[in-house]
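Notes for the structure review
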Amino acid sequence: AADKYLVKLDEEGGKDLVMKRRRFSLHLVPFFADTPLSKISGYDIERYKKQRLHEIAIPGGITRKAKDETKQKTTSPGTVNRELAALSHLFNKAIEWGWIDRRPAKIKRFQEAPGRITYLSIDQIKRLVEFAKQDQNSQIYPFIIIGLETSMRRMEILSIRREHVNLHQCSIHIPKAKGGSREQPITQHLAEFLEAYMTALPKGSMWLFPSPSAKVG
């Protein structure tokens, strides 16, 4: 089921395929082995969670039993949650594709502590901007400016097209944001910066950050 799921997901243009393959091949498939998808129970999933939390996280994705090696870093609840999310997505797609008629088990994920938010000081921002100006890659400086002014995610910034930028309304349309499409407000300063930046882009370029290796755009 996992192999067929990954193939069909690839055909559909699914996201995060590299990590999904990794999670299935290294952890989920070895644990559940030959258990039919429809026979996976809540008890099986709880056993999986317990086993993964007691495995030592080794660089490269390999794990081993922790036992007495208390000084070693064990697998985090967040890592296990990402694996459970992949299994949950397999359940959902299996229903959509008609492989099973219902979810075989309810998946309860670990509660995670809120992530630490790190802020740059004024001095750090100034240094970052100065280094960005000096970078040999001409895209670094505008990328940093957009990031500092909007707090947009990396892939959101790299996916900006000319048509997404509305200089008159001071906004950037983000069609594929994490929570769906949204309009990102921008300052007048950033609008003026983007106007000058887009004017300097090569003619015919659809993207604000065109790939040097791309044949189109």
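This report concerns the structure included in the present document. (Residues numbered from 1 in each chain as written. Predicted model: local features only at pLDDT ≥ 70, side-chain atom pairs only at ≥ 80, totals over all residues. Heavy atoms only, no water.)

Regarding helix 1 (residues 2–11), the residues found buried are Ala-2, Tyr-5, Leu-6 and Leu-9. The buried residues of helix 1 occupy an angular sector of 95° when the element is viewed end-on, so they sit on one face. Exposed and facing more than 90 degrees away from the buried side of helix 1 are Asp-3, Lys-4 and Glu-11. Contacts made by the buried residues of helix 1 are with helix 2 (17–32) and helix 4 (77–96). Looking one or two residues past helix 1, Gly-13 carries a phi angle of roughly 80°, positive in sign. (Buried < 20%, exposed > 50% of the residue type's maximum accessible area, 1.4 Å probe, protein only. Helix = DSSP H or I, 4+ residues; strand = E, 2+ residues; numbered from the N terminus. Arc of directions from axis to C-beta. Contact = heavy atoms within 4.5 Å.)

Within the open sheet, the 3 strands sit side by side as 3-4-5. Their pairing is antiparallel. Pairing within the sheet leaves two strands with one partner each, and these edge strands are strand 3 (165–166) and strand 5 (182–185). (Pairing = 2+ DSSP bridges.)

Overall, the coordinates contain 13 salt bridges when judged by the stated rule. Of the charged contacts, one joins Lys-93 and Glu-12 as a salt bridge, the two residues approaching to 3.2 Å between their closest N and O atoms. Here the residue Lys-93 occupies a position in helix 4, and Glu-12 occupies one in the loop between helix 1 and helix 2, the gap between them amounting to 81 residues. In this structure Lys-93 comes out as buried when scored by relative accessible area, which is 11%. A salt bridge links Arg-47 to Asp-44; its shortest N-O distance comes to 3.3 Å. Linking Arg-47 with Asp-44, this pair stays in helix 3 (residues 42–53), spanning 3 residues, or about one helical turn. Overall, Asp-44 belongs to the buried group, its relative accessible area being 15%. One continuous salt-bridge network, built from bridges that share partners, spans Glu-12, Lys-93 and Glu-96. (Salt bridge = Lys/Arg side-chain N within 4 Å of Asp/Glu carboxyl O.)

Quick look at unusual backbone geometry now. Residue Ala-33 is not a glycine yet carries a positive backbone phi of 50°. Considering the arrangement of structural elements, one finds Ala-33 in the loop between helix 2 and helix 3. Even without being glycine, Ser-151 reaches a positive phi, approximately 65°. Locating Ser-151 in the fold gives a position in the loop between helix 6 (140–150) and helix 7 (154–158).

To continue, consider the nonpolar core. The biggest cluster of nonpolar side chains holds 24 residues, and the ones touching the most others in it are Phe-24, Phe-32, Ile-45 and Leu-87. Only helix 1, helix 2, helix 3 and helix 4 provide two or more residues apiece to this core. In terms of residue count, helix 4 provides more of this core than any other element does, 7 residues in total. Apart from residues lying up to four places away in sequence, Ile-45 is in contact with Phe-32, Ile-40, Leu-84, Leu-87, Phe-91, Ala-105, Lys-106 and Ile-107. Within the second largest apolar cluster, 21 residues are counted, among which are Val-129, Ile-146, Met-152 and Ile-160. (Core = buried A, V, L, I, M, F, W, Y, C linked by side-chain atoms within 4.5 Å.)

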